[in-house]
Amino acid sequence: QVQLVESGGGLVQAGGSLRLSCAASGSIFGFNVMGWYRQAPGKQRELGAIIDRAGGTNYADSVKGRFTISRDNAKNTVYLQMNSLKPEDTGVYYCRLVQMENVYWGQGTQVTVSS
């Protein structure tokens, strides 16, 4: 079993920055993929960015060039540095960990970007 705890969300003005953190605990193996997904009000949850243990990344087009995902394998923690934030980035950001066939989700952290 794996638990994910997100932190770092908040309210920021357009053009500002936030840094999200997600700490994983439990039965975590060496090989896994972690990522961030977001859900805007009234919309489906969508990919933000993912990163594997070797550092390979993939970003949604909507955040590419503005967001940077990284991870600390020793701490089983993934980060999302969000720069040049836009109002459309507003939503609940969820951490996800995929390990073998298992998918784990955090409870989410709210990000609100004001105009």
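Residues numbered from 1 in each chain as written. Predicted model: local features only at pLDDT ≥ 70, side-chain atom pairs only at ≥ 80, totals over all residues. Heavy atoms only, no water.

It is worth spelling out unusual backbone geometry at this point. A positive phi is found at Ser 84, a non-glycine position, where the angle reads about 50°. With respect to the helices and strands, Ser 84 occurs in the loop between β8 (77–82) and β9 (91–99). Using a relative accessible area of 42% as the deciding quantity, one classes Ser 84 as partly exposed. If you check the backbone angles, Met 100 has positive phi at about 55° while not being a glycine. On the basis of relative accessible area, Met 100 is assigned to the exposed category, the value being 63%. (Helix = DSSP H or I, 4+ residues; strand = E, 2+ residues; numbered from the N terminus. Buried < 20%, exposed > 50% of the residue type's maximum accessible area, 1.4 Å probe, protein only.)

Before going further, it helps to examine the nonpolar core. As a rule of thumb, soluble globular proteins bury nonpolar side chains together. Counting 27 residues, the largest nonpolar core has Leu 4, Trp 36, Leu 80 and Met 82 as its most contacted members. Where this core is concerned, the elements lending two or more residues are β1 (2–7), β3 (18–26), β4 (33–39), β5 (46–52), β7 (67–72), β8, β9 and β11 (109–114). The greatest single-element share of this core, amounting to four residues, is contributed by β3. Leu 4 has contacts with Cys 22, Ala 23, Ala 24, Met 34, Cys 95, Arg 96, Leu 97, Tyr 104, Trp 105, Gly 106 and Gln 107, leaving out every residue within four places of it along the chain. (Core = buried A, V, L, I, M, F, W, Y, C linked by side-chain atoms within 4.5 Å. Contact = heavy atoms within 4.5 Å.)

We now examine the pairing of β1. Residues Val 2, Leu 4 and Glu 6 of β1 are buried on one face, while the alternating residues Gln 3, Val 5 and Ser 7, pointing to the opposite face, are not. Pairing geometry for β1 and β3, over six bridges, is antiparallel. By the bridge assignment for β3, Ser 7 is matched with Ser 21. (Pairing = 2+ DSSP bridges.)

Let us now look at the packing of aromatic side chains. This model, assessed by the stated rule, comprises two aromatic pairs. Their ring planes at 70° and their centres at 5.3 Å tell us that Tyr 37 and Trp 105 sit as a pair that is edge-to-face. Separated by 68 residues along the polypeptide, Tyr 37 in strand β4 and Trp 105 in strand β10 (residues 102–105) bring together distant segments of the chain. Overall, Tyr 37 belongs to the buried group, its relative accessible area being 13%. Given a relative accessible area of 33%, Trp 105 falls into the partly exposed group. (Phe/Tyr/Trp six-rings, centres within 6.5 Å; stacked < 30°, edge-to-face > 60°.)

Moving on, we get to the pairing of β3. Pairing analysis gives six bridges linking β3 to β8, with the strands arranged antiparallel. Looking across to β8, one finds that Ala 23 is bridged to Thr 77.

Note that Ser 70 resides in strand β7. Along the primary structure Ser 70 and Gly 55 are separated by 15 residues, whereas in three dimensions their C-alpha atoms are 7.4 Å apart. Here Ser 70 is in contact with Arg 19, Ile 51, Thr 77, Val 78 and Tyr 79, once residues within four sequence places are set aside.

By themselves, these observations are geometric and do not establish any function.
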